[in-house]
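An overview of the molecular structure
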Amino acid sequence: MNASPILLIGIGGAGASIARGISRASGDGVRYILADTDATTGSTDAPFVLLGGDRLSGHGAGGDVAQAKLAAEDSLQAIDDAADGVRLVVIVTSLGGGTGGGATHAIARHLRERGVPTIVFATLPFAFEGEERQRNAIGMKATIAEEANAAIFIPLDKLIGDADAIEEALRRAVDTLASDITLF
């Protein structure tokens, strides 16, 4: 296991993609885990915590922030195990759906209560993703900022500009964040 004093946690599907990108850009020096309510996010390329396995059976939070928060609270022991011995946790996530907002809030609060400094980098949805996702993201900003030692919110529309397709936009967003967030 990597003995780095910094742990990177990618929360939700988008957060996991960003964490994988940061790990690729940083090499072996990054200690990281992926945490999601959707079991399909896990793979053999990184340690994975299935949030709320008994509650959601690995099927995801379905865009429900409250369910994601409960799922994260169910899985805090696994987060504690992963964070054992670290001096700083960096969380990367995306807001607007369920897992990013609900689980990030719960995990950041738990780490703060344990005395582990936490920095959150959270993307905000593209405008074309709709008003509901925008409202969800804006609603979670204050609660996440309250729990983390530092929180940086990054509007995806401003991060990458115009893109032809959502797949290209997401790929460019992950690549940009991975190259800009370096831990070493």
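Please refer to the structure placed before this passage.
Structural notes, computed from the coordinates. Please read these numbers as outputs of a predicted model, since none were measured by experiment.

Examining the side chain of His110
Position of His110 among the secondary structure elements: in helix α5 (residues 99–113). Exposure remark for His110: the relative accessible area of 14% places this residue in the buried category. Beyond its immediate stretch of four places on either side in the chain, His110 contacts Leu76 and Asp80.

Quick look at the packing of aromatic side chains
Applying the stated criterion across every chain yields a total of 1 aromatic pair. Seen in terms of ring centroids, Phe126 and Phe128 are 5.0 Å apart; in terms of plane orientation they differ by 10 degrees. Their pairing is stacked. By relative accessible area, which is 53% here, Phe128 ends up exposed.

So, the pairing of strand β1 (residues 6–11)
In terms of burial, β1 is a largely internal element, 6 of the 6 residues being buried. Side chains of β1 alternate between two faces, with Ile6, Leu8 and Gly10 and Leu7, Ile9 and Ile11 buried alike. Pairing geometry for β1 and strand β4 (residues 88–94), over 5 bridges, is parallel. Bridging across to β4, Leu7 finds its partner in Val89. Pairing of β1 with strand β2 (residues 31–36), which is carried by 5 bridges, proceeds in the parallel orientation.

A word on the pattern of salt bridges
Inspection of the entire model under this criterion finds 8 salt bridges. Between Asp74 and Arg55 there is a salt bridge, with the nearest N and O atoms lying 2.7 Å from each other. You can see Asp74 sitting in helix α3 (residues 65–74) and its partner Arg55 sitting in helix α2 (residues 53–56), a full 19 residues away along the chain. Overall, Asp74 belongs to the partly exposed group, its relative accessible area being 44%. As a salt-bridge pair, Arg114 and Asp80 come within 3.1 Å of each other at their nearest N and O atoms. Taken together, the residues Arg114 in the loop between α5 and β5 (118–124) and Asp80 in helix α4 (residues 76–83) connect sequence positions 34 residues apart. By relative accessible area, Arg114 is classed as partly exposed at 37%. Taken together, the shared-partner salt bridges connect Lys69, Glu73, Arg109 and Glu113 into one network.

Some points on the nonpolar core
In terms of nonpolar packing, the biggest core is built from 34 residues, with Leu7, Ile9, Ile79, Val89, Ile91 and Ile107 touching the most fellow members. For this core, the secondary structure elements donating two or more residues are β1, β2, α3, α4, β4, α5, β5 and α6 (131–147). No other element matches the 5 residues that α5 contributes to this core. Setting aside its immediate chain neighbours within four residues, Val89 contacts Leu7, Ile9, Leu111, Val116, Pro117, Thr118 and Ile119.

Reading the values: rules and limits
- Residues numbered from 1 in each chain as written.
- Predicted model: local features only at pLDDT ≥ 70, side-chain atom pairs only at ≥ 80, totals over all residues.
- Heavy atoms only, no water.
- Helix = DSSP H or I, 4+ residues; strand = E, 2+ residues; numbered from the N terminus.
- Buried < 20%, exposed > 50% of the residue type's maximum accessible area, 1.4 Å probe, protein only.
- Contact = heavy atoms within 4.5 Å.
- Phe/Tyr/Trp six-rings, centres within 6.5 Å; stacked < 30°, edge-to-face > 60°.
- Pairing = 2+ DSSP bridges.
- Salt bridge = Lys/Arg side-chain N within 4 Å of Asp/Glu carboxyl O.
- Core = buried A, V, L, I, M, F, W, Y, C linked by side-chain atoms within 4.5 Å.

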